[in-house]
Amino acid sequence: MDDLQCDGLTKRFGNFTAVNDVSFAVPSGSFFSILGPSGCGKTTLMRMIAGFENPSKGDIKIKGNSVLATPPNKRNVKMVFQHLALFPMMNVGENIAYGLRCRGEPKADIAHKVAAVLERIGLPGVEEKEVAQLSGGQKQRIAIARCMVLEPDVLLLDEPLGALDLKLRERMKIELKLLQHQFDTTFLYITHDQSEALVMSDNVAVMNAGRFEQIGTPQELYHSPASGFVAGFVGDTNRWKGRVVSIADGAAKVQTAAGEIVAAASGEDVAEGVEVDVFVRPEAIELGVPENGNSLRGKVDSLLFNGANSRILVRIADGELIEVNYPVMDGGGGLSAGDDVEIGWARERGRCFAAAR
Amino acid sequence: MFRSDASKLSLILLMTPFVLWIGLLIVLPQLGIGYISLREKVGPREYELGLANYIDFINEPIYWNTLLRTAWMSILVTALALLVGFPVAYYIAKIAQQRSRAALFLLCLIPLWVSDLVRAFGWIVLLRETGVVSGMLQTAGLISGPVELLYNDVTVVIGLVYTVVLFMIVPLFSTLDGMDNSLLEAGYNLGGSRVTVFRRIVVPYAMPGIVAGCIITFMLTAGSYLTPILLGGKNSSWFTEQIYDQFITRYNWESGATFGVLLLGFTSFVVWLGLRLTGQSLANTVAKE
Amino acid sequence: MNVAAPQSPFLRWVYGGYMFAFFIYLAAPLTAAGVFAFNDSLFPSLPWNGFTLDWFFNDTEPKLGMFYDRRLLRGLEVSLYVGLIVSALSVAAGTCNAFLFERKEFPFKAALHVLMIVPLVIPGVILGISILVFASIVANGVEETMSWDWDMLRPGLFLVILGQFSFLTTITSLVIAARLRKFDIALEEAALNLGATRVRVLATVTLPYLAPAMFSAFVVAFLVSFENFNTTLMLVGSDAPLTITMYDRMVKVGSTPVLNAVSVFLMLGSGLLALLSVVVQRERKQP
């Protein structure tokens, strides 16, 4: 059973199409993310689901029923706003009780439910506090509790971590995932931060220019991106321009400025003579020449130390810089800037997509 | 759709009080005095439309001299208020300690909340023949007998500047307060002298405040009634006094309305000219407060 | 170092002296008006004859205190009455205008916005006479066509209220609109999303947010109305507000210390109200 389903959803503002024919379904109890750069239409999409915008075309179904005719205050989708939108004129308890009061529930029930939900988010007894007295992470949880106390069919989260500092953001990622498990509610999360999407989600939709490029699990997006955009947007990657020389068994021989390399041909429009982008992740590239792999020669430009994510910047023949995995755990191999190195990677770890025109 | 109907309805509901207010209390009454000013009494309950009232105005030097005098004094008062007010606003916004800033500003505002009448009355108590200043001068032996300090133009100007200077300081303060000190630092850092920094950075930055302050000050001065009459006495020859006189004392509404139109036209012209010369708009100056 | 300040100690000293002189200038007439309310003399002038509260609380002539002076009290009453009505009306209209200009789109919006500000730059005397003239044109019209004397439109409190309302609404509109502009629309959406009706959103989220601005607009409007002279003078009938009564007294009787007493009363009253409004604003900022 799908909690939320969108069919051919389109939204136009004048001549501008913000959301273009988007269809997807979110299974019950799952964590679904929409990942895309700012301005890709993800906020508009979410506002349509919440009822703040009317779609130009298409349908939105919640638990199988179309909600297009339902005004925003009657839809059982609750939303955590980008800046949380906690009511500053009310204390924590009143904030959480707001939706229950709107429903006209009896006072005793309200107090009971508010206390219970605060217990569940690990902040028992803060009813009387003012919103401004809470820390960033606590506010976050209150904003979620304010929605969850209403037992929504779907919880929408609009980049709620954007305003937090880096450390807290890392912690909240894990906490959000745990909360979602605990409440066992469908979460629809939108973000431009690929790491948030990858860490928390069961499924991720990558959105670009109003369209969905790919829907899949984080692993699928990372390992088998369906388009050049996804390959470039999800995770770190190196990218070369080149032209396909020949194709055999799904492997394309690509002529680049730095030399000939072989990469998996992805997408139907990769054919002989086509301009392509080749993507290879830094962690796939190592020093030395692997068996039956691609290899390039270059000179170490600089070493970028960043713990487990350390990189070697290698300048190859045509002057381009390539990020290469830097095995710091093994001591780094005594490299220094200016050394000549040979780098290589397994053929199937590179992919090429027809270059965007 | 339902939602757009509701929004149309709410637009109409919100528009109604605005239209009633502006229409019935501002636009139509102004047209009303315009109409009356064009009406000439030719007999009991008999009127003709024409410019006779305006011709009367031009033919009577007392009238247009009063208008000119009001205009000239108002401009003088505006200039003085700017001169007096700018250093004060600058001091509070830029020089005073953060802590005393609010207190100083409030101190400036207190007289703002006191009626014109009380302020003018205060000046009377100070300056009249039996007043405090005259008394103190006598005790100090500087003058031999009581001296009348009221009923002259200097006193009127002092009183008017007093009445309006706060309206100059408030907008000046709010623009100067918004100016980042690093602008000044950058100015000096790039080799500017105090004079050039003041002229090229501070003044242009404060321009919206200066314009707003001048407009408000000028309007208030030209339209003031109490201060010139109480401090200037019977010979103050202030234009609003003429209007009151025509309307209430002589019950000559036609020429009173004519004077009103002239005063409004004149002040609007000066405001328009001021905005034009400085390239500001009414909305981003006066409405800022 | 404060780059804005003069660098030489001498100039700083001169500047400080200027500020001091300025505040003396500000305070002098107010002090003069205030101090002589407590002088035990029949005239508000030196010499100082000792402290008294007679000009407030004495109940016999010749030193009739302001709280026993029937006409002054009546003036005070009228001022309060006019002030409360006109402030309530102008806050209500100002709130509507704020929503109109901050939330709605309609043709000629910019021009109408200028029109909204215009009453601030029309001299009060002219606002007064124009409303007087217009009201009597209407009243005469009504009388001629329906032979019905519409007394309300002759000089009197109704016209005073209209006259003050005409420019106070601009002030309240600007104050409330400035606050509404800072309102995060997401708060309203959040409330809707939590199931509130539009009316409920307005009552529980938007209006509570605007309340401090509405309150200070009310206080400002009340103070300005209380002190207004120019517009009121043109429209007043037999029931005169305090400022007009005081002016009458000043012109007809000359200055007497009872006017100083009224001045003290007015200063204290407006000072306290202004302070109250500042405190309320600050309270709202604290949490």
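Residues numbered from 1 in each chain as written. Chains lettered and ligands numbered in written order. Predicted model: local features only at pLDDT ≥ 70, side-chain atom pairs only at ≥ 80, totals over all residues. Heavy atoms only, no water.

Under an unreviewed UniProt entry, the name given to chain C is ABC transporter permease subunit, and the source organism is Oricola cellulosilytica. Taken directly from UniProt, the Sequence similarities (unreviewed entry) text for chain C runs: "Belongs to the binding-protein-dependent transport system permease family. CysTW subfamily." In its Subcellular location (unreviewed entry) section, UniProt records this for chain C: "Cell membrane". (UniProt positions renumbered as here; feature names shortened; annotations may be inferred.)

Taking an unreviewed UniProt entry as the reference, chain B is identified by name as ABC transporter permease belonging to Oricola cellulosilytica. The UniProt entry for chain B carries the following comment under Sequence similarities (unreviewed entry): "Belongs to the binding-protein-dependent transport system permease family. CysTW subfamily." Quoted verbatim from the Subcellular location (unreviewed entry) field of the UniProt record, the comment on chain B reads "Cell membrane".

Asks: Break down the environment of Asp-69 of chain C for me, with residues and values.
Replies: Residue and element names in this part refer to chain C. Here Asp-69 lies in the loop between helix 2 (54-57) and helix 3 (70-103). For Asp-69, a relative accessible area of 7% gives the class buried. Sequence spacing of Asp-69 and Val-14 is 55 residues, and the spatial spacing of their C-alpha atoms is 48 Å. Filtering out sequence-adjacent residues up to four positions away, Asp-69 remains in contact with Leu-64 and Arg-249. Polar contacts involving the side chain of Asp-69 include one to the main-chain amide nitrogen of Arg-71, which spans 3.1 Å. Within the structure, the side chain of Asp-69 is placed 2.9 Å from the side chain of Arg-249, a separation counted as a polar contact. (Helix = DSSP H or I, 4+ residues; strand = E, 2+ residues; numbered from the N terminus. Buried < 20%, exposed > 50% of the residue type's maximum accessible area, 1.4 Å probe, protein only. Contact = heavy atoms within 4.5 Å. Polar contact = N/O pair within 3.5 Å; in protein donor to acceptor, adjacent residues only side chain to side chain.)

Asks: Describe helix 10 (residues 242-252) of chain C, listing the residues and the values that go with them.
Replies: All names here are of chain C. The buried fraction of helix 10 amounts to eight of the eleven residues, a majority that puts the element mostly inside the structure. Buried within helix 10 are the following residues: Leu-242, Thr-243, Ile-244, Thr-245, Met-246, Tyr-247, Arg-249 and Met-250. At the C-terminal side of helix 10, Gly-254 shows a positive phi close to 90°.

Asks: Explain unusual backbone geometry to me, using residue names and the numbers behind them.
Replies: Residues and elements named next belong to chain A. A positive phi angle, near 55°, is found at Asp-21, a position not held by glycine. With a relative accessible area of 46%, Asp-21 lands in the partly exposed category. One non-glycine residue, Glu-151, lies in positive phi territory at about 50°. With respect to the helices and strands, Glu-151 occurs in the loop between helix 4 (136-148) and strand 7 (154-158). Relative accessible area serves as the criterion here: at 61%, Glu-151 is assigned to the exposed category.

Asks: Tell me about the pattern of salt bridges, and please be specific about residues and values.
Replies: Opposite charge on two side chains permits pairing when their charged atoms draw close. Counted under the stated rule, the structure contains 31 salt bridges over all chains. Salt-bridge contacts for Glu-159 of chain A lead to Lys-42 of chain A; the nearest nitrogen and oxygen are separated by 3.3 Å. Taken together, the positions of Glu-159 of chain A in the loop between strand 7 and helix 5 (166-183) and Lys-42 of chain A in helix 1 (residues 42-50) put the pair 117 residues apart, joining distant regions of the chain. For Lys-42 of chain A, a relative accessible area of 3% puts it in the buried group. Here Arg-74 of chain C ties to Glu-77 of chain C by a salt bridge, and the two come within 2.9 Å at their closest N and O atoms. Linking Arg-74 of chain C with Glu-77 of chain C, this pair stays in helix 3, spanning three residues, or about one helical turn. By relative accessible area, Arg-74 of chain C is classed as partly exposed at 36%. Residues joined in a network through salt bridges with shared partners are Arg-47 and Glu-53 of chain A together with Glu-189 of chain C. (Salt bridge = Lys/Arg side-chain N within 4 Å of Asp/Glu carboxyl O.)

Asks: For the environment of Gly-260 of chain B, give the residues involved together with the corresponding values.
Replies: Position of Gly-260 of chain B relative to the elements: it lies in helix 12 (residues 253-278). Remark: the alpha-carbon pair of Gly-260 of chain B and Lys-234 of chain B, spanning 26 residues in sequence, is separated by 20 Å.

Asks: A description of helix 2 (residues 92-103) of chain A should follow, citing residues and the corresponding values.
Replies: Burial analysis of helix 2 of chain A places nine of its twelve residues in the buried class, the great majority of the element. Along helix 2 of chain A, the positions that sit buried rather than exposed are Val-92, Gly-93, Asn-95, Ile-96, Ala-97, Tyr-98, Gly-99, Leu-100 and Cys-102 of chain A. Residues of helix 2 of chain A that are buried make contact with helix 3 (107-120) and helix 4 of chain A together with helix 7 (185-193) and helix 8 (198-227) of chain C. Between the side-chain oxygen at the start of helix 2 of chain A and the backbone nitrogen of Gly-93 of chain A there is a gap of 3.2 Å, and the oxygen is on Asn-91 of chain A. Remark: Gly-104 of chain A follows helix 2 of chain A within two positions and exhibits a positive phi of approximately 75°.

Asks: Tell me what's going on with the UniProt feature "transmembrane region" (unreviewed entry) in chain B, and back it up with residues and numbers.
Replies: Residue and element names in this part refer to chain B. Residues annotated by UniProt as "transmembrane region" (unreviewed entry) correspond here to residues 12-38, 71-92, 104-126, 154-173, 202-226 and 257-275. Taken end to end, residues 154-173 comprises 100% helix and 0% strand; its first and last C-alpha atoms sit 27 Å apart. Regarding residues 202-226, the helix share stands at 88% and the strand share at 0%, and the terminal C-alpha atoms are separated by 35 Å.

Asks: Lay out the sheet that holds strand 11 (residues 238-248) of chain A in plain terms, naming residues and giving numbers.
Replies: Around the barrel, which closes on itself, the five strands sit in the order 11-12-13-20-14 (chain A) with mixed pairing between neighbours. Strand-to-strand twist of the sheet, defined as the mean angle between neighbouring strand axes without regard to direction, takes the value 50°. (Pairing = 2+ DSSP bridges. Axes fitted to C-alpha atoms, helices over the stretch in contact; angles between N-to-C directions.)

Asks: Provide a residue-level description of the UniProt feature "domain: ABC transmembrane type-1" (unreviewed entry) in chain B, including the pertinent values.
Replies: Under the UniProt annotation, "domain: ABC transmembrane type-1" (unreviewed entry) lies at residues 67-274 of chain B. Between the C-alpha atoms that bound residues 67-274 of chain B there is a distance of 19 Å. The span itself is 79% helix and 0% strand.

Asks: Tell me about the UniProt feature "transmembrane region" (unreviewed entry) in chain C, residues and numbers included.
Replies: Residues and elements named next belong to chain C. Residues annotated in UniProt with the feature "transmembrane region" (unreviewed entry) correspond here to residues 12-38, 78-100, 112-137, 157-180, 201-226 and 258-280. From the first C-alpha to the last, residues 157-180 spans 32 Å; its make-up is 100% helix and 0% strand. Secondary structure content for residues 258-280 is 100% helix and 0% strand, and the end C-alpha separation is 33 Å.

Asks: Hey, could you go over a nonpolar patch on the surface for me, with residue numbers and the actual values?
Replies: Together, Met-136 of chain B together with Val-35, Leu-46, Trp-48, Phe-51, Leu-53, Phe-57 and Tyr-68 of chain C give the surface a local cluster of nonpolar side chains, amounting to about 830 Å² of exposed area. Considering the arrangement of structural elements, one finds Met-136 of chain B in helix 6 (residues 132-139). (Patch = residues over 30% accessible without salt bridge, like charges linked within 9 Å, V, L, I, M, F, W, Y side chains within 5 Å. Areas by Shrake-Rupley, 256 points an atom, 1.4 Å probe, with all protein chains shown as cover.)

Asks: I'd like a description of the packing of aromatic side chains, backed by residues and values.
Replies: Residue and element names in this part refer to chain C. Scanning all chains against the criterion turns up 39 aromatic pairs over all chains. With a centroid separation of 5.4 Å and an interplanar angle of 5°, the aromatic rings of Phe-38 and Phe-51 are classed as stacked. Here Phe-38 is found in the loop between helix 1 (9-35) and helix 2, whereas its partner Phe-51 is found in the loop between helix 1 and helix 2, with 13 residues between them in sequence. When the ring of Phe-67 is compared with that of Phe-265, the centres are 5.9 Å apart and the planes differ by 85°; the resulting orientation is edge-to-face. (Phe/Tyr/Trp six-rings, centres within 6.5 Å; stacked < 30°, edge-to-face > 60°.)

Asks: Tell me about the packing of helix 2 of chain A against helix 8 of chain C, and please be specific about residues and values.
Replies: Two numbers describe how helix 2 of chain A lies on helix 8 of chain C: the axes approach to 12 Å, and their chain directions differ by 150°. Comparing their axes, helix 8 of chain C and helix 2 of chain A come out roughly antiparallel. Both helix 2 of chain A and helix 8 of chain C take part in a crossing whose hand is right-handed. Of the residues in helix 8 of chain C, those in contact with Tyr-98, Arg-101 and Cys-102 of chain A of helix 2 of chain A are Arg-200, Val-201, Thr-204 and Val-205 of chain C. Of the residues contributing to the contact of helix 2 of chain A with helix 8 of chain C, the split by class is four nonpolar, one polar and two charged. (Parallel < 35°, antiparallel > 145°, perpendicular 65-115°, else oblique. Left-handed = near helix turned anticlockwise from the far one by under 90°. Nonpolar A, V, L, I, M, F, W, Y, C, P; charged D, E, K, R; others polar.)

Asks: Which residues make up the UniProt feature "domain: ABC transmembrane type-1" (unreviewed entry) in chain C, and what are the values?
Replies: UniProt's entry tags residues 76-277 of chain C with the feature "domain: ABC transmembrane type-1" (unreviewed entry), counted in the numbering of this structure. The span residues 76-277 of chain C is 82% helix and 0% strand, and its two end C-alpha atoms sit 21 Å from each other.

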